[in-house]
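Chain residues, written in single-letter form:
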Amino acid sequence: MKKANARFLTEPFFAWLAWAIFLCAFQSMVVTRIAVRPVDRVLGWTAAETGKSAGELKARLSVPVFAEHVAWDSEFYLSIAMEGYDDPAVRMAIGESQAFSLNYAFMPGYPAAIRLAMQPLLLIGVDARAAAAICALAVSLAGALLATMSLYSLAAPNEGRQTASRAAWFMLIFPSGFFLAQVYAEALFLGLALQSLALARKERWFSFSIVASLAVLTRASGVALVAACAVAIARVLISGKKNSVAPKPAELLGMTEALLVPLAVFFMWKLSYLGQRFDYVERVFFSRALDPIASIRTWAQAFQAALSGPNERIIYYLVEFASLALALASTVWGARKYPELAIFGLASVVIPLSSIAPQGLIRYVLSCPLIFIMTARWASSKPAERAYTLFSALFMAYFALLFSLDMWVG
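All chains use their own residue numbering, which begins from 1 and follows the written sequence. Since the coordinates come from a predicted model, pLDDT governs what is reported: local features require at least 70, and pairs of side-chain atoms require 80 or more to be given and counted, while whole-chain, interface and lining totals use all residues. Note: side-chain values were computed over all heavy atoms of the structure, leaving out hydrogens and water.

**Some words on the pattern of salt bridges**
We count it as follows: Each salt bridge in this description consists of a side-chain nitrogen of Lys or Arg and a carboxyl oxygen of Asp or Glu lying within 4 Å of one another. Whether a residue is buried, partly exposed or exposed follows from its accessible area with a 1.4 Å probe, protein chains only, as a fraction of its type maximum: under 20%, in between, or over 50%, in that order. Helix numbers and strand numbers start at the N terminus; a helix is a DSSP run of H or I with at least 4 residues, a strand a run of E with at least 2.
Scanning the entire structure with this criterion turns up 13 salt bridges. With a closest N to O distance of 3.9 Å, Arg129 and Asp127 form a salt bridge. Taking the relative accessible area as the measure of exposure, Arg129 reaches 33% and is therefore partly exposed. Linking Glu186 and Arg363 is a salt bridge whose minimum nitrogen-to-oxygen distance equals 3.1 Å. Note that Glu186 is positioned in helix α6 (residues 186–201) and Arg363 in helix α14 (residues 361–364), a separation of 177 residues in sequence. No difference in accessibility class separates Glu186 from Arg363, as the two residues are buried. The structure contains a network of salt bridges with shared partners spanning Glu49, Lys58, Glu75 and Arg91.

**Some details on helix α9 (residues 249–271)**
For clarity, the threshold we go by: Each residue after the first adds 1.5 Å to the expected span of a helix.
Spanning 23 residues, α9 covers 32 Å between terminal C-alpha atoms, matching the ideal 33 Å at 1.5 Å per step. Gly254, Met255, Ala258, Pro262, Val265, Phe266 and Trp269 are the residues of α9 that are buried.

**Structural notes on the side chain of Ser213**
Heads up, the rule is: Polar contacts, as used here, are pairs of N or O atoms within 3.5 Å; protein pairs need one atom able to donate a hydrogen and one able to accept it. Residues neighboring in sequence count only if both atoms are side-chain atoms. It only takes one pair of heavy atoms within 4.5 Å for two residues to be counted as in contact.
Inspection of the secondary structure puts Ser213 in helix α7 (residues 205–218). For Ser213, the side chain forms a polar contact with the main-chain oxygen of Ser209, separated by 2.6 Å. If near-sequence neighbours (up to four positions away) are discounted, Ser213 is found in contact with Phe208, Val261, Pro262 and Val265.

Written out as structure tokens, the structure reads:
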């Protein structure tokens with residue numbers, strides 16, 4: 001039995017290892033064979049931001065190593081890690097009376113982890129840009145490993161070890177799963193979020209409060225973990241009442257701490273100058289605010305754009321809409337058995353939906369773990385598993401190629 005347990009525990013690890021090696025090798029081959037960076041006209045604003053040569057790239061996007069993993073938001077994470085939020089090389093959000101760096105639109109968790117990991121390399125004289133790129137990729141890959149093992153831990157008790165292992169694999173090869181191996185905050189956030197949910201399921205409330213707080217500092221939507229924790233606590237209390245087992249004072253204290261600590265961390269950030277400037281830059285430069293009515297209008301415009309073409313725009317929006325449909329379907333499918341995962345995943349999608357245009361949904365739905373558990377259950381036969389693996393891996397390779405060439409994916 002111990003040997004069987006060890007085998008199933010190592011399966012997710014080796015799946016992650018193979019995924020990391022082959023995906024990184026694939027992206028390296030892409031930029032080796034395709035040197036020209038095409039202009040991307042998939043959306044109205046992408047043409048002005050793409051097709052740049054190495055000399056035209058924004059300052060913090062020009063790195064001497066792992067450049068194929070660095071694009072778009074990577075600029076800001078690397079900038080904060082190397083120079084802090086007020087890096088003069090980064091563009092400014094200029095309003096009527098104030099101007100702040102675009103760096104303020106990004107949470108401190110991921111760049112802080114990069115900066116911490118950089119220190120040993122800086123001490124031995126490694127160039128700061130190279131150290132930042134190396135450590136940013138390392139942090140992302142470590143986050144992806146944590147997410148893989150955590151998802152396995154969440155799914156195994158209900159689904160069995162084989163389905164849990166398949167769910168972890170399906171997460172890695174999901175079409176937007178390549179983001180977990182880029183200089184983006186996705187992997188670290190997902191790893192921390194899934195690990196905190198696994199801790200809540202094990203009723204390790206103190207550990208949950210620490211890990212969930214780190215997730216909150218990595219992405220603001222991490223505050224949804226508080227709602228997921230409340231559901232987990234309610235489940236424990238209801239179960240105890242049915243069995244006539246009252247929680248001990250220490251357990252009640254741990255539950256209270258699990259709810260209040262991440263929430264307090266969120267509000268401390270929100271009320272700090274970082275949170276205030278975050279709101280300002282989001283509103284002034286990125287035109288984002290929590291406005292469901294405006295979001296409905298932008299969705300209507302996106303739907304019209306999807307119908308009117310050109311073909312690449314139609315395909316782009318079809319992928320976005322399909323991602324949303326899959327997230328909602330998985331939430332309905334798993335709400336009864338996995339209420340914590342359902343609430344967290346739904347909030348991770350709804351919060352961006354109510355504040356931005358439908359752009360990047362394929363990336364945001366990575367925070368819906370029920371997608372991977374649901375598809376793992378459905379693809380239980382060998383033919384179905386092979387078909388889904390082929391489908392998903394091909395789309396992941398397609399999107400990874402686009403990202404490697406600095407084209408817009410999400």
